[in-house]
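# What the coordinates show
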Amino acid sequence: MSTLRSREARAGPPEEGRLYVGNLDAAARRARELLLGKMKLGKLVDWGTAFSLWPVHFTTSCCGCEFAATWSPRFDAERYGALPWLSPRQTNLIVIEGTVTKKMGCALRLVWEQMPHPKFAIAMGACALDGGIFYNSYNIVRPWEVVPVDVFIPGCPPRPEALARAIVELQRLIREKGVASKWIEEGEREDKPAPIPKEDLCSWWRG
Amino acid sequence: MSLDAVRSRAEEALRGVYTGVEEGKGFVAFRVPAERVVEAAEALKSAGFDHVKSVTAVDRPKEGVIEVTYHVSSYSDPELARGIVGITVSLPRDNPRMPSLSRIWVSAEFQEREVFEFFGVVFEGHPDLRPILLIPPLAEKHPLRKDFIVKEEQVYKGGITKLEQPP
Ligand code: SF4
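Here's what I pulled together on the structure shown here. Keep in mind it's a predicted model, so treat the numbers as computed, not measured.

Rules used in this analysis
- Residues numbered from 1 in each chain as written.
- Chains lettered and ligands numbered in written order.
- Predicted model: local features only at pLDDT ≥ 70, side-chain atom pairs only at ≥ 80, totals over all residues.
- Heavy atoms only, no water.
- Patch = residues over 30% accessible without salt bridge, like charges linked within 9 Å, V, L, I, M, F, W, Y side chains within 5 Å.
- Areas by Shrake-Rupley, 256 points an atom, 1.4 Å probe, with all protein chains shown as cover.
- Salt bridge = Lys/Arg side-chain N within 4 Å of Asp/Glu carboxyl O.
- Lys, Arg positive; Asp, Glu negative; His and termini not counted.
- Charge placed at Lys NZ, Arg CZ, Asp CG, Glu CD.
- Helix = DSSP H or I, 4+ residues; strand = E, 2+ residues; numbered from the N terminus.
- Buried < 20%, exposed > 50% of the residue type's maximum accessible area, 1.4 Å probe, protein only.
- Contact = heavy atoms within 4.5 Å.
- Buried area = accessible area lost by both parts, 1.4 Å probe.
- Polar contact = N/O pair within 3.5 Å; in protein donor to acceptor, adjacent residues only side chain to side chain.
- Nonpolar A, V, L, I, M, F, W, Y, C, P; charged D, E, K, R; others polar.
- Disulfide = S-S within 2.5 Å.
- Pairing = 2+ DSSP bridges.
- Near = heavy atom within 4 Å.
- Axes fitted to C-alpha atoms, helices over the stretch in contact; angles between N-to-C directions.
- Parallel < 35°, antiparallel > 145°, perpendicular 65-115°, else oblique.
- Expected span 1.5 Å × (residues − 1).
- Arc of directions from axis to C-beta.

All names here are of chain A. A surface patch of like charges, here negative, comprises Glu185, Glu186, Glu188 and Glu190. With respect to the element layout, Glu190 can be found in the segment after helix H8 (179-186). Accessibility expressed as a relative area gives 60% for Glu190, which makes it exposed.

Next up on the list: the interface of chain A and chain B. Each partner contributes to the interface: chain A provides 12 residues, whereas chain B provides 16 residues. When chain A packs against chain B, close to 1100 Å² is buried across both sides, 62% of that on carbon and sulfur atoms. Sorting the residues of chain A by area buried against chain B places Lys103, Tyr135 and Tyr138 of chain A first, and these three jointly supply 50% of that buried surface. On inspection of chain A and its partner chain B, the count reaches zero salt bridges. Applying the counting criterion to the chain A and chain B interface returns one residue pair in polar contact (both at pLDDT 80 or more). For the side of chain A that touches chain B, a count of residues per class yields four nonpolar, four polar and four charged.

For the rest of this paragraph, the subject is the state of the cysteines. Residue and element names in this part refer to chain A. Within this structure, the stated rule accounts for one disulfide over all chains. Between the sulfur atoms of Cys106 and its disulfide mate Cys202 the distance is 2.0 Å. Sign of the S-S torsion, about 105 degrees for the bond between Cys106 and Cys202, identifies this disulfide as right-handed. Taken together, the positions of Cys106 in helix H5 (residues 102-114) and Cys202 in the segment after H8 put the pair 96 residues apart, joining distant regions of the chain. On the basis of relative accessibility, which here comes to 26%, the residue Cys202 falls in the partly exposed class.

This part is about the sheet that holds strand E4 (residues 120-124) of chain A. Residue and element names in this part refer to chain A. With parallel pairing, the four strands of this open sheet are ordered in space as E1-E2-E4-E6. This sheet does not close on itself; its edge strands, each paired only once, are strand E1 (55-56) and strand E6 (151-153). Here strand E2 (residues 93-97) runs beside E4; their pairing, made up of five bridges, is parallel. Bridge assignment links Ile96 to a residue of E4, and that residue is Ala123.

This part covers the site of the ligand. The environment of the ligand is formed by Ser61, Cys62, Cys63, Gly98, Thr99, Gly125, Ala126, Cys127, Ile133, Gly155, Cys156 and Pro157 of chain A. Class assignment for the residues of the shell around the ligand results in seven nonpolar, five polar and no charged.

This next bit is on the packing of helix H7 (residues 160-177) of chain A against H8 of chain A. Residue and element names in this part refer to chain A. Where H7 meets H8, the axes come as close as 6 Å, and the angle between the chain directions of the two elements is 55 degrees. Judged by the angle between their axes, H7 and H8 are oblique. Two secondary-structure elements touch here, H7 through Leu173, Ile174 and Lys177 and H8 through Val179, Ala180 and Lys182. Split by residue class, the contact of H7 with H8 holds four nonpolar, no polar and two charged.

The next subject is the side chain of Ser74 of chain B. All names here are of chain B. Along the polypeptide, Ser74 turns up in the loop between strand E4 (65-73) and strand E5 (84-92). At 3.4 Å, the side chain of Ser74 forms a polar contact with the backbone nitrogen of Ser76. For Ser74, the side chain forms a polar contact with the main-chain nitrogen of Asp77, separated by 3.1 Å. Apart from the residues within four sequence positions on either side, Ser74 is in contact with Gly48, Phe49, Asp50, His51, Leu80 and Ala81.

A few words on the pattern of salt bridges. Considering all chains together, one arrives at 23 salt bridges over all chains under this definition. The partner of Glu67 of chain B in a salt bridge is Arg31 of chain B, and the shortest N-O contact between them spans 3.3 Å. Highlighted residues: Glu67 of chain B in strand E4 and Arg31 of chain B in strand E2 (residues 27-31), separated in sequence by 36 residues. One continuous salt-bridge network, built from bridges that share partners, spans Arg165, Glu169, Arg172 and Glu176 of chain A.

All names here are of chain B. Strand order across the open sheet formed by five strands is E1-E2-E5-E4-E3, with mixed pairing between neighbours. Only two strands of the sheet have a single partner each, and these edge strands are strand E1 (20-24) and strand E3 (51-60). Here the average twist between neighbouring strands, direction ignored, is 20 degrees. As judged from the five bridges shared by E1 and E2, these two strands associate in the antiparallel manner. Its bridge partner lying in E2, Gly24 is registered against Phe27. Those strands touched by helix H1 (residues 2-13) are E1, E2 and E5, and its axis lies near 20 degrees from that of E2.

Residue and element names in this part refer to chain B. Its 12 residues place the ends of H1 17 Å apart at the C-alpha level, agreeing with the 16 Å of an ideal helix rising 1.5 Å per residue. For H1, the set of buried residues is Leu3, Val6, Ala10 and Glu11. Relative to the axis of H1, the buried residues are bounded by an arc of 130 degrees and lie together on one face.

Once that is clear, we can look at the side chain of Glu67 of chain B. Residues and elements named next belong to chain B. With relative accessibility at 10%, the residue Glu67 sits in the buried group. At a separation of 3.3 Å, a polar atom in the side chain of Glu67 contacts the side chain of Arg31. Excluding residues that lie within four positions of it along the chain, Glu67 makes contacts with Arg31, Thr56, Ala57, Val58, Arg60, Thr88, Val89 and Ser90.

Treat this as a map of the structure, not an account of what it does.
Spelled out as structure tokens, the structure:
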């Protein structure tokens, strides 16, 4: 107890204008500024969305191992405010982990349609960019032909740091461009409309 | 050693049905005419080969045949589990049809669907013959047949390539 107190005394009072996670006084002051100050409410939405990016579990390929490693204790992407979640209906981010086959392309679009907006997509790995080692396969789709993708990560597979970087990059995108608040105001996203796949990917659905 | 026992048991079961034998490491394949394949499968099943490990096919356009091979083995008999026995059927390439063996070995069901979509072999009497991995328009093209062309990777031949300028 005594050591704790002395460490607090050494650190001094919290610095103005900075957000200390775990320091309730500073966080409350910042929230008060956001809520009662002259800021637009949209800013609060963007700020909140940036720190609650919840990717859905949608593992299609080997990049999923790196996805798992990113949220494991060593890299701990949860410190950015992103936590993988099970149900697509309660998430707002989809990380496309590698190859997407044609049949899975249908599932990808269905999962993406189920997510409430504002929603974002990260394409991970060479396969998700342009096919990677399966570039000439008859049975893959490029994920950007199926859903609008915000951030691409090159690599085969990308390191967990790269995925963490992509999440930080997406947070920056949301905060600087106000994507989330605009989406809510306008009801749709004009800069990235949802693409219409060239093929009928869901034809197997009807059997 | 161990394969010999498996081989003699399979040979005994298939006596008079098979027309040829091929042998590899830990593996022996019997060639069976298409109209007698059900009979051969029933004989193997009653000899103790209780499951299909894989169903696969080879397309031979020069000879005009598609060869379907069933690899069978056993879980219940430890002696038979040491080797894999194949039954190979040659089918005409322009109309490949054969009776389904999924009634005899249930584990063949999904793999017959796979051979159906990749090679276009029709298994008569199959309970649910639909494409399994591919979307239907693609399955109609039978991508593992030799005449299905994919874009090839290019080989770097050395030297500096001049980029062609568009006119
Ligand atoms: S990019 Fe590499 S690691 Fe990722 S899915 Fe493709 S092949 Fe696998």
